[in-house]
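Breakdown of the fold
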Amino acid sequence: MAKTLDQERAEFAWAKTEKANKEFKNLVSGAPSLVMNNGLMQALAFWQERRKQTHHALLVDALTEWLGTRVFRLAKKEAQFAQVMSRLQQSDADSYFQATEEALAILRWLRQFAKARVGDN
């Protein structure tokens, strides 16, 4: 039986939040606002710039993997920051909007599962 897109998002987000900690939970809680206020590419660049911190690396890696494989149909090993940013830069307005909507959808799952895994700690 085929999975729904939401089931695929949930499965992906559950796996990506396995190493979630309080910092990741806090970061992912504010992530949708950063995307909405500044744009997807700007948000990704902001998190990439801070990837020395594990929670930033976890977030940017999860988003680029999801967007790369789901939106841009890249192989998992090719779904890296530079490749995804390049695809976003080359996208038309509709494709960019679709990528942003998909990023917000996966962020909702990441946020919920990070809260569930970390709790109020």
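For the structure itself, consult the block above.
Attention in this report is confined to the structure presented alongside it.

What counts, and at which threshold
- Residues numbered from 1 in each chain as written.
- Predicted model: local features only at pLDDT ≥ 70, side-chain atom pairs only at ≥ 80, totals over all residues.
- Heavy atoms only, no water.
- Helix = DSSP H or I, 4+ residues; strand = E, 2+ residues; numbered from the N terminus.
- Buried < 20%, exposed > 50% of the residue type's maximum accessible area, 1.4 Å probe, protein only.
- Phe/Tyr/Trp six-rings, centres within 6.5 Å; stacked < 30°, edge-to-face > 60°.
- Expected span 1.5 Å × (residues − 1).
- Contact = heavy atoms within 4.5 Å.
- Polar contact = N/O pair within 3.5 Å; in protein donor to acceptor, adjacent residues only side chain to side chain.
- Axes fitted to C-alpha atoms, helices over the stretch in contact; angles between N-to-C directions.
- Parallel < 35°, antiparallel > 145°, perpendicular 65-115°, else oblique.
- Left-handed = near helix turned anticlockwise from the far one by under 90°.
- Bend = angle between axes of the 7 residues up to and from the residue.

**Brief notes about unusual backbone geometry**
The phi angle at Arg-73 is positive, at roughly 55 degrees, despite the residue not being glycine. Considering the arrangement of structural elements, one finds Arg-73 in the loop between α4 (54–71) and α5 (81–90). In this structure Arg-73 comes out as exposed when scored by relative accessible area, which is 61%.

**Let's talk about the packing of aromatic side chains**
Applying the stated criterion to the full structure yields three aromatic pairs. A ring pair is formed by Phe-12 and Trp-66, whose centres lie 4.9 Å apart and whose planes are at 50 degrees; its orientation type is tilted. Remark: Trp-66 occurs in helix α4 and Phe-12 occurs in helix α1 (residues 5–16); sequence separation between them is 54 residues. Comparing Phe-12 with Trp-66 shows no difference in burial state: the two are buried. Taking 5.1 Å as the distance between ring centres and 80 degrees as the angle between the ring planes, the aromatic pair formed by Trp-14 and Phe-113 counts as edge-to-face. Highlighted residues: Trp-14 in helix α1 and Phe-113 in helix α6 (residues 93–118), separated in sequence by 99 residues. Through successive ring pairs, a cluster of aromatic residues spans Trp-14, Trp-109 and Phe-113.

**A few points about α6**
Taking 1.5 Å of rise per residue, 26 residues should cover 38 Å, and α6 covers 37 Å from first to last C-alpha, within 8% of that figure. For α6, the complete set of buried residues consists of Ala-99, Thr-100, Glu-102, Ala-103, Leu-104, Ala-105, Ile-106, Leu-107, Leu-110, Phe-113, Ala-114 and Val-118. On its buried side, α6 packs onto α1, α2 (22–38), α3 (40–49), α4 and α5. Of the residues flanking the start of α6, the one acting as N-cap is Asp-92, its side-chain oxygen 3.3 Å from the backbone nitrogen of Asp-94. Just downstream of α6 lies Gly-119, where phi reads positive at about 70 degrees.

**Considering the packing of α3 against α4**
Contact geometry of α3 with α4 gives a least axis separation of 8 Å together with a crossing angle of 140 degrees. When the axis of α3 is compared with that of α4, the two are oblique. When the axes of α3 and α4 are compared, the crossing they make is left-handed. Within the contact between the two elements, α3 uses Leu-40, Leu-44, Trp-47 and Gln-48 and α4 uses His-56, Leu-59, Val-60, Leu-63, Thr-64 and Leu-67.

**Some details on α2**
Compared with an ideal rise of 1.5 Å per residue, which puts 17 residues at 24 Å, α2 spans 24 Å between its outermost C-alpha atoms and is within 8% of the ideal. Approximately 35 degrees is the largest bend angle found in α2, and it occurs at Ala-31, with the proline Pro-32 only one to four residues beyond. For α2, every residue scored as buried is listed here: Phe-24, Lys-25, Leu-27, Val-28, Ala-31, Pro-32 and Val-35. Measuring from the backbone nitrogen of Glu-23 back to the side-chain oxygen at the start of α2 gives 3.1 Å, which picks out Asn-21 as the cap. Where α2 terminates, the next one or two residues include Gly-39, which has phi positive at roughly 105 degrees.

Honestly, it's all geometry; don't read function into it.
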